[in-house]
Amino acid sequence: MSKLITSCASCDSTNVFVSSVRCGDCETRFEGQFEIPGLLKLNPDDLNFITLFVQHSGSLKEMAKEMDISYPTVRNRLNEIIDALMKTQNIKIKENEKILKDLEAGKISAKDAAKKLSKL
């Protein structure tokens, strides 16, 4: 089975969605626009780092020892991953704010704003 695609092969955008889900047992299919969680949008190395972080109960000291690198290096790596996750969240917040500003300015109707907000 292939891994979930979390970025566009054409433009490298991470603004991609899953559009179909199928049950492997009963073959039921679900069609729609399903968001990919931010953690799954991390690159494989960062996702492995987070997995290791959880396995070590968040102990950066233990991770540094296992990875044979300094504690500050592990801490910096975690900070970079946190920044990447926050960037994804901030993009969503900015899109939300734009929709609300368009509604306030009368550029879109309340019904259109509700539709757009539900898709975020």
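What you are looking at is a predicted structure, and each value in this text was computed from that prediction instead of being measured.

(A) View of the overall build of the protein chain. The number of helices and strands found in the protein chain is four helices and two strands. Starting at the N terminus and walking to the C terminus, you meet the elements of the protein chain as β-β-α-α-α-α. For 120 residues, the compact-globule estimate of 2.2 N^0.38 gives 14 Å, and the protein chain exceeds it by more than 25% at 19 Å. Counting only C-alpha atoms, the protein chain reaches 55 × 45 × 30 Å along its principal axes. Here the protein chain holds 120 residues, and 18% of them are scored as buried. Residue pairs in contact within the protein chain that sit at least 24 positions apart in sequence constitute 29% of those at least 6 positions apart. Entry remark: accessible area of the protein chain is about 9,200 Å², with carbon and sulfur atoms responsible for 54%. Looking at the protein chain, you have 18 positive and 17 negative side-chain charges, and the mean spots of the two groups are 5 Å apart.

(B) Quick look at the layout of surface pockets. Its volume calculated, the second largest pocket comes out at about 290 Å³. Forming the walls of the second largest pocket are 13 residues, and the residues nearest its centre are Leu4, Thr6, Leu40, Leu42 and Pro44.

(C) Region of the structure containing the confidence of the model for the protein chain. Summary statistics for the protein chain give a mean pLDDT of 87 and a share of 97% for residues scoring 70 or more. Across the protein chain, the secondary-structure element scoring lowest on mean pLDDT is helix 4 (residues 110-119), at 82, and the one scoring highest is helix 2 (residues 60-67), at 95.

(D) Here's a closer look at the packing of helix 1 (residues 44-55) against helix 2. In contact at an axis separation of 9 Å, helix 1 and helix 2 are set at 120 degrees when each is read in the N-to-C sense. Taken together, the axes of helix 1 and helix 2 lie oblique to each other. At the point where helix 1 passes helix 2, the crossing takes the right-handed sense. Residues Phe49, Leu52 and Phe53 of helix 1 touch helix 2, and the partners they reach there are Leu60, Met63, Glu66 and Met67. Split into classes, the residues belonging to the contact of helix 1 with helix 2 amount to six nonpolar, no polar and one charged.

(E) Local environment of the pattern of salt bridges. Under the defined criterion, the tally for this structure stands at four salt bridges. Arginine 77 is paired through a salt bridge with aspartate 46; the nearest N and O atoms lie 3.1 Å apart. In this pair, arginine 77 sits in helix 3 (residues 71-104) while aspartate 46 sits in helix 1, placing the two residues 31 residues apart along the sequence. Owing to a relative accessible area of 23%, arginine 77 belongs among the partly exposed residues under this scheme. Across the pair aspartate 102 and lysine 98 runs a salt bridge whose closest N-O atoms are separated by 2.9 Å. Of this pair, aspartate 102 and lysine 98 both sit in helix 3, four residues apart, which is roughly one turn of the helix. Owing to a relative accessible area of 13%, aspartate 102 belongs among the buried residues under this scheme. Accessibility expressed as a relative area gives 51% for lysine 98, which makes it exposed.

Cut-offs applied
- Residues numbered from 1 in each chain as written.
- Predicted model: local features only at pLDDT ≥ 70, side-chain atom pairs only at ≥ 80, totals over all residues.
- Heavy atoms only, no water.
- Helix = DSSP H or I, 4+ residues; strand = E, 2+ residues; numbered from the N terminus.
- Rg over C-alpha atoms; globule rule 2.2 N^0.38 Å.
- Buried < 20%, exposed > 50% of the residue type's maximum accessible area, 1.4 Å probe, protein only.
- Contact = heavy atoms within 4.5 Å.
- Areas by Shrake-Rupley, 256 points an atom, 1.4 Å probe, with all protein chains shown as cover.
- Lys, Arg positive; Asp, Glu negative; His and termini not counted.
- Charge placed at Lys NZ, Arg CZ, Asp CG, Glu CD.
- 1 Å grid on protein atoms, 1.4 Å probe; cavity = no way out; pocket = protein on both sides within 12 Å on 5 of 7 lines; lining within 4 Å.
- Points joined across faces, edges and corners; volume = space filled by probe spheres on them.
- pLDDT = per-residue confidence, 0-100.
- Axes fitted to C-alpha atoms, helices over the stretch in contact; angles between N-to-C directions.
- Parallel < 35°, antiparallel > 145°, perpendicular 65-115°, else oblique.
- Left-handed = near helix turned anticlockwise from the far one by under 90°.
- Nonpolar A, V, L, I, M, F, W, Y, C, P; charged D, E, K, R; others polar.
- Salt bridge = Lys/Arg side-chain N within 4 Å of Asp/Glu carboxyl O.

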